[in-house]
Amino acid sequence: MRIVFMGTPDFAVPSLRALEQAGHEICGVFTQPDKPKNRGMKLQQSPVKECALALGLPVYQPAGMRDGEALAILRSLEPELIAVAAYGKLLPVEILDLPRLGCVNVHSSLLPRYRGAAPINWAILNGEDETGVTIMYMAEGMDTGDILAQAGTPIALDENAPQLFARLAELGAGLLVDTVAALEAGTAHPVPQDDALATHAPMLSRELSPMDWTRTARQLHDQVRGLHPWPAATALLDGVRCKVLCTALSDKTAGEAPGTVLRADKRGLKVACGDGGVLEILELQPDGKKAMAASAFLAGHPVPPGTILMKQE
């Protein structure tokens, strides 16, 4: 099948590779323009662009999708289908209506749950035990199109957002190839979403970062996993603001006030939480420093047991 692929970050790369390996004619790859990064502000290609160039595929990087440039390119390419995975731009109706078989999207949740920009993060933040991927027809609304296929997967208790991203990217790639085959064969059966069951996954912000020790140990553990690596959960330790990068749930309970440091030594840092549970901080990153084990931080910043950690304002 003649396909235009649209995507930008690492999440989209397995889908592009899978379509190419399945023998489809990828007549064009759309990705966001190169962006300056790091101190030198050197322009950096997106992961999808790097992959497309390595595969010898033509790359297009229009600044917008509504000024006519993208539409003109797509008309010249004459795709039968547009496949999208985390492109980062909304497609106007004239593009959605262009391909004979429409436009399909790889979305990293079990729609209609978690429509929006950060479905993987919010599934973890909300303590979900399962998530998955959805292949859907694209419509003008945000992730509102008819569902073509879905695949679920459990979320492990110690799995953070990047780890789940990687798994869902591969799961979505395989499901996309199967769905494209069904569309080509005329055996796909779109199912409308039930809007009454919809939940939303807005963009992340630093306002989500401060850890509130009156919350349950599980909620705080999910906060650390769901906000990794950005914006990251944060805590004040010995007056130092730290990103909390990795935690574990203890099987012990505590009768002390929330935020009370129960142990802080070379074995680690354990803190009482609002439900009587205990959260163990395993890895952190002080402002301006590299990531380190909690025990390494404590070697230079002793936090006596009994100290009550306060929420960062």
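See the structure shown above.
Residues numbered from 1 in each chain as written. Predicted model: local features only at pLDDT ≥ 70, side-chain atom pairs only at ≥ 80, totals over all residues. Heavy atoms only, no water.

1. Looking at the overall build of the protein
Across its full length, the protein holds 8 helices and 17 strands. Out of the 313 residues in the protein, the part that is buried amounts to 49%. Put simply, of all contacts in the protein between residues at least 6 apart along the chain, 65% involve residues at least 24 apart. As displayed, the protein has an accessible area near 14,700 Å², and 52% of this comes from carbon and sulfur atoms. (Helix = DSSP H or I, 4+ residues; strand = E, 2+ residues; numbered from the N terminus. Buried < 20%, exposed > 50% of the residue type's maximum accessible area, 1.4 Å probe, protein only. Contact = heavy atoms within 4.5 Å. Areas by Shrake-Rupley, 256 points an atom, 1.4 Å probe, with all protein chains shown as cover.)

2. Details of helix H7 (residues 217-226)
Burial of H7 is extensive: 8 of the 10 residues sit out of reach of the surface. Of the residues making up H7, those classed as buried are Ala217, Leu220, His221, Asp222, Gln223, Val224, Arg225 and Gly226. Against helix H5 (119-125), helix H6 (161-185), strand E12 (233-237), strand E13 (240-253) and strand E16 (277-286) lie the buried residues of H7.

3. A word on the pairing of strand E14 (residues 261-265)
Relative to strand E15 (residues 268-272), E14 is paired through 4 bridges, and the arrangement is antiparallel. Each bridged residue has a counterpart across the sheet, and for Arg263 the counterpart in E15 is Lys270. Between the antiparallel neighbours E14 and E15 lie 2 residues. (Pairing = 2+ DSSP bridges.)

4. Notes on the side chain of Arg115
Summarising the element assignment, Arg115 is placed in strand E8 (residues 115-116). Judged by relative accessible area, Arg115 falls into the buried class, the value being 6%. Non-local contacts of Arg115, meaning those with residues more than four positions away in its chain, are made with His107, Met142, Asp143, Thr144, Gln193, Asp195, Ala198, Thr199, His200 and Ala201.

5. Side note on the sheet that holds strand E9 (residues 130-137)
What holds strands together in a sheet is hydrogen bonding between their backbones, with the strands either parallel or antiparallel. An order of E5-E2-E1-E6-E7-E9-E10 is seen for the 7 strands of this open sheet, with the pairing classed as mixed. Strands at the two margins of the open sheet, each flanked by one partner only, are strand E5 (59-60) and strand E10 (147-154). As paired strands, strand E6 (residues 81-85) and strand E7 (residues 103-107) are joined by 3 bridges and run parallel to one another. Directly across from Ala83, in E7, lies its bridge partner Val104.

6. What to know about unusual backbone geometry
With an omega of 0 degrees, the peptide bond running from His228 to Pro229 counts as cis. Look at the link from Trp230 to Pro231: it is a cis peptide, with omega at 5 degrees. Here Pro231 is to be found in the loop between H7 and E12. Its identity is not glycine, yet Glu78 carries a phi of approximately 55 degrees, on the positive side. When you line up the elements, Glu78 lands in the loop between helix H3 (69-77) and E6. With a phi angle near 75 degrees, Ala232 is a residue other than glycine that sits in the positive phi range. Mapped onto the elements of the fold, Ala232 is located in the loop between H7 and E12.

7. Considerations on the side chain of Asn105
Checked against the element boundaries, Asn105 lands in strand E7. Discounting chain neighbours no more than four positions away, the residues touching Asn105 are Val84, Ala85, Ala86, Thr134, Ile135, Met136, Met138 and Asp143.

8. What about the nonpolar core?
Core analysis: the largest hydrophobic core is formed by 47 residues, its most contacted members being Phe5, Leu16 and Leu19. A total of 10 residues in this core trace back to one element, the largest contributor, which is H6. Residues contacting Leu19, with those up to four places away along its chain left out, are Ile3, Phe5, His24, Ile26, Ala83, Leu176, Val177 and Val180. Formed by 23 residues, the second largest nonpolar core is a distinct cluster that contains Ala233, Cys273, Leu284 and Phe297. (Core = buried A, V, L, I, M, F, W, Y, C linked by side-chain atoms within 4.5 Å.)

9. Some points on the packing of helix H1 (residues 13-21) against H6
For the pair H1 and H6, the least separation of the axes is 8 Å and the interaxial angle reads 35 degrees. H1 and H6 meet at a crossing whose hand is right-handed. Residues Pro14, Ser15, Ala18 and Leu19 of H1 pack against Ala169, Glu170, Gly172, Ala173, Leu176, Val177 and Val180 of H6. Looking at the contact of H1 with H6 residue by residue, the classes come out as 8 nonpolar, 2 polar and 1 charged. (Axes fitted to C-alpha atoms, helices over the stretch in contact; angles between N-to-C directions. Left-handed = near helix turned anticlockwise from the far one by under 90°. Nonpolar A, V, L, I, M, F, W, Y, C, P; charged D, E, K, R; others polar.)

10. Observations regarding the pattern of salt bridges
On inspection of all chains with the given rule, the structure shows 12 salt bridges. When the shortest N-O distance is used, the salt bridge between Glu159 and Arg167 registers 2.6 Å. Relative accessible area serves as the criterion here: at 7%, Glu159 is assigned to the buried category. Notably, a salt bridge pairs Arg267 with Asp265, separated by 3.3 Å at the nearest N-O pair. Take Asp265: its relative accessible area is 26%, and that puts it in the partly exposed class. In this structure, a network of salt bridges that share partners links the residues Arg263, Asp265, Arg267 and Glu280. (Salt bridge = Lys/Arg side-chain N within 4 Å of Asp/Glu carboxyl O.)

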